[in-house]
Amino acid sequence: MGRWICCLCPRVADPLMLLLVLALGCNLSTAATTSPPVPHVKPSYSFGRTFLGLDKCNACIGTSICKKFFKEEIRFDTWLSSHLKLPPSSLLSYSGNYTDDAKSWRLVDITRLTSKYQHDRADKRICTSLLKSRACSLERALRRTPRFQKWLRAKRLTPDLVQGLPSPLLRCPSQRLLDRIVRRYAEVPDAGSIYMDHLTDRDKLRLLYTLAVNSHPILLQIFPDVEGWPFPRYLGSCGRLVVSASTRPLRDFFGAAPEVAADLALQLLDVLRSMATNDLNYFFYFTRVDAGTFGVFSNGHLFIRDASTLGIIDKEEGSQLMDEQQEHKDIFSCLTVDCQSAFVSCDSIRETHSLVLVCQDLLPKLLRGRFPPPVQESIDAFLQRCAHGLGTGGGAGEAAAELAAILRPLRSCDSRFAYRYPDCRYSDKY
């Protein structure tokens, strides 16, 4: 057809018509001989269910943020490279980027509640101890346990349902605390109820599994940062990965300038004070601390980065289990710890417990060798006394106030401390 039109072109008298017919003929000829263009394919970030832990659900944490991963609204930092490869699944935590509008991105931490090796070990333990097999359906095995059968029948989360779980959060539980867990559990639609009617069987297994492995995401959910609690914001879970707001671990600041070290030490003391004395009458204590327990946001604000070692004593209701829980252990008691591990007695926790741990493990790394001799001698003397339990005189509050009085004049007021600048110029509080 194209060639036939071109052959007629010389017979056309009107020059304009000639041009039109020639253009039409060339277009038809090109269309007949050229294949259509191949559409541009956007690079695909390939997820395996194994990497996320979705293949283990419902023995997992949740699925509330899975869509963000699959829509590429959560990206690992390694995805910024040309290879677009997922990071190794053996890592415990990853740095990532999160967006709500595909235009502005913010840093997030993507973490596992325990290492993949420990997860695999726990999965094997479930199969071998419950079904006498090396491989099995984790959900089917856990659903058959007496503990979970009690959870299925329960209308309310009560102390006997969490007896023997290894999390420090549940070593001294009160009914008020357990009601708060159910009411604020963020992996299900908010029902605002202390009863578990809005939890499906799947939801109950995920909640029980999370509490048995690591209570960190539960603490972030029930004590949110928007209410003033010193935790990073919980953004959601997918399989066995948790996504929260990003912080730099305190270990990154052990060599910081003196004014930065003084500021972080003061914030650390303030966090300990708020966790011991707050409007809700909960006493938070650490079972252990290390260089990754606390983190610092980009604005200089210090938060609790890892809440897995936090225990809670309800000063309003008291504990309803005490040491009897040592007699109630099952597969959920030893998913990530030794089944023979002894529990810390609730009545053995002292007011100075967390302060002494911090004085032993963190404050010396922040403060030693940072200041002029007279000030440094006062700080070192306090740290030595604090690390040995502070003796018999004064409580934790008085001791923390003593160190704060030494440190407060040592910090500065400038834009490096964005969380309190420029307010510090006009307020004696800073």
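Treat the numbers as computed from the prediction; the structure is a model and nothing was measured. (Residues numbered from 1 in each chain as written. Predicted model: local features only at pLDDT ≥ 70, side-chain atom pairs only at ≥ 80, totals over all residues. Heavy atoms only, no water.)

Student: Could you give me a rundown of the packing of aromatic side chains, with the residues and numbers involved?
Tutor: This structure, assessed with the given rule, holds 11 aromatic pairs. An angle of 75° between the planes, with centres 5.1 Å apart, marks the rings of Phe223 and Phe284 as edge-to-face. Remark: Phe284 occurs in strand β7 (residues 282-286) and Phe223 occurs in the loop between α11 (216-222) and β4 (234-238); sequence separation between them is 61 residues. Both residues of the pair, Phe223 and Phe284, count as buried. Here the aromatic rings of Trp229 and Phe284 are separated by 5.6 Å at their centres, their planes lie at 50°, and the arrangement is tilted. Here Phe284 lies in strand β7 and Trp229 lies in the loop between α11 and β4, a separation of 55 residues in the sequence. Assigned by exposure class, Trp229 and Phe284 land together as buried. The structure contains a cluster of three or more aromatic residues connected by ring pairs, namely Phe51, Phe69, Phe76 and Tyr94. Sitting over the ring of Phe51, Arg112 keeps its end group 5.3 Å from the ring centre. (Phe/Tyr/Trp six-rings, centres within 6.5 Å; stacked < 30°, edge-to-face > 60°. Helix = DSSP H or I, 4+ residues; strand = E, 2+ residues; numbered from the N terminus. Buried < 20%, exposed > 50% of the residue type's maximum accessible area, 1.4 Å probe, protein only. Lys NZ or Arg CZ within 6 Å of the ring centre and 35° of its normal.)

Student: Requested: an account of the side chain of Arg176, with residues and values cited.
Tutor: Take Arg176: it is sitting in helix α9 (residues 175-184). Dropping the residues within four chain positions of it, Arg176 is found in contact with Leu280, Asn281, Tyr282, Asp314, Glu316 and Glu317. (Contact = heavy atoms within 4.5 Å.)

Student: Break down the sheet that holds strand β9 (residues 302-304) for me, citing the residues and quoting the values.
Tutor: Spatial ordering of the open sheet is given by β6-β8-β9, a layout of 3 strands whose pairing is antiparallel. Each edge of the open sheet carries a strand with a single partner, namely β6 (248-249) and β9. Note that strand β8 (residues 294-296) and β9 share 3 bridges and pair antiparallel. Its bridge partner being in β9, Gly295 is matched across the sheet by Phe303. Of the strands in this sheet, β8 and β9 touch helix α12 (residues 258-276), which is tilted by about 40° from β9. (Pairing = 2+ DSSP bridges. Axes fitted to C-alpha atoms, helices over the stretch in contact; angles between N-to-C directions.)

Student: Just give me the short version of the state of the cysteines, but keep the residues and values in it.
Tutor: Scanning the model with the defined rule gives 6 disulfides in all. Between Cys172 and Cys346 runs a disulfide, and the two sulfur atoms are separated by 2.1 Å. Taking the sign of the S-S torsion, about -110° here, the bridge from Cys172 to Cys346 comes out left-handed. With a gap of 174 residues between them, Cys172 in the loop between α8 (159-162) and α9 and Cys346 in the loop between β10 (310-314) and α13 (353-361) connect regions that are remote in the sequence. With a relative accessible area of 1%, Cys172 lands in the buried category. Each sulfur of the disulfide joining Cys413 and Cys424 lies 1.8 Å from the other. Its torsion about the S-S bond being 75°, the disulfide of Cys413 and Cys424 is classed as right-handed. On the criterion of sequence distance, the pair formed by Cys413 in the segment after α16 (396-407) and Cys424 in the segment after α16 is long-range, its members being 11 residues apart. Cys424 gets classed as buried once you look at its relative accessible area, which sits at 10%. (Disulfide = S-S within 2.5 Å.)

Student: Just give me the short version of the nonpolar core, but keep the residues and values in it.
Tutor: If you look at the biggest cluster of nonpolar residues, it comprises 94 residues, and the most contacted ones within it are Phe223, Phe294 and Leu363. By residue number, the principal contributor to this core is α12, which donates 11 residues. When neighbours within four sequence positions are excluded, Leu363 is seen to be in contact with Ala265, Leu268, Leu269, Val358, Arg368, Leu383 and Leu403. With 18 residues, the next largest nonpolar core counts Phe51, Phe69, Tyr98 and Leu241 among its residues. (Core = buried A, V, L, I, M, F, W, Y, C linked by side-chain atoms within 4.5 Å.)

Student: With reference to specific residues and values, describe the sheet that holds β4.
Tutor: The 5 strands are arranged β1-β2-β3-β5-β4 in an open sheet whose pairing can be described as antiparallel. Lying at the two open borders of the sheet, with one neighbouring strand each, are β1 (74-76) and β4. Mean inter-strand twist for the sheet, computed between neighbouring axes without regard to direction, equals 30°. Where strand β3 (residues 105-112) and strand β5 (residues 241-245) come together, 5 bridges link them in antiparallel fashion. In the sheet register, Ile110 faces β5, and the bridge partner there is Val243.

Student: If you had to explain the confidence of the model for the protein chain to someone new, which residues and values would you point to?
Tutor: Of all residues in the protein chain, 83% attain a pLDDT of 70 or more, and the chain-wide mean is 85. Segment residues 1-13 is flagged for pLDDT under 50; beyond a separation of four residues in sequence, or across chains, it makes 11 contacts in the model. Note on residues 15-43: pLDDT is under 50 here. Beyond four places in sequence and across chains, it has 14 contacts. (pLDDT = per-residue confidence, 0-100.)

Student: Talk me through the pairing of β5; I want residue IDs and the actual numbers.
Tutor: Two faces make up the sheet, and in a regular strand the side chains alternate between them. Among the 5 residues that make up β5, 5 are buried, leaving the element largely enclosed by the rest of the structure. In this structure, β4 lies alongside β5, joined through 4 bridges in antiparallel fashion. Residue pairing across strands places Ser237 opposite Val242, the latter belonging to β5. Hairpin connection, β4 to β5: the antiparallel pair is bridged by 2 residues, and Gly239 has positive phi, about 65°.

Student: Hey, could you go over helix α7 (residues 146-153) for me, with residue numbers and the actual values?
Tutor: Burial in α7 covers these residues: Arg147, Phe148 and Trp151. Down the axis of α7, the buried set is contained in an arc of 90°. They therefore lie on one face. What points out from α7, more than 90 degrees from its buried face, is the exposed set Pro146 and Arg153. Residues of α7 that are buried make contact with α6 (138-143), α8 and α10 (201-213). (Arc of directions from axis to C-beta.)

Student: Can you explain the pattern of salt bridges? Please cite residues and give values.
Tutor: The tally for this structure, following the rule as stated, stands at 27 salt bridges. One salt bridge connects Glu259 with Arg416, and the closest N-O pair in it is separated by 2.9 Å. Taken as a pair, Glu259 in helix α12 and Arg416 in the segment after α16 lie far apart in primary sequence, 157 residues in all. Residue class for Arg416 comes out partly exposed when judged on its relative accessible area of 42%. With its nearest N and O atoms 3.0 Å apart, the salt bridge here joins Asp414 to Arg416. Connected through salt bridges with shared partners, the residues Lys68, Lys71, Glu73, Asp100 and Arg106 form a single ionic network. (Salt bridge = Lys/Arg side-chain N within 4 Å of Asp/Glu carboxyl O.)

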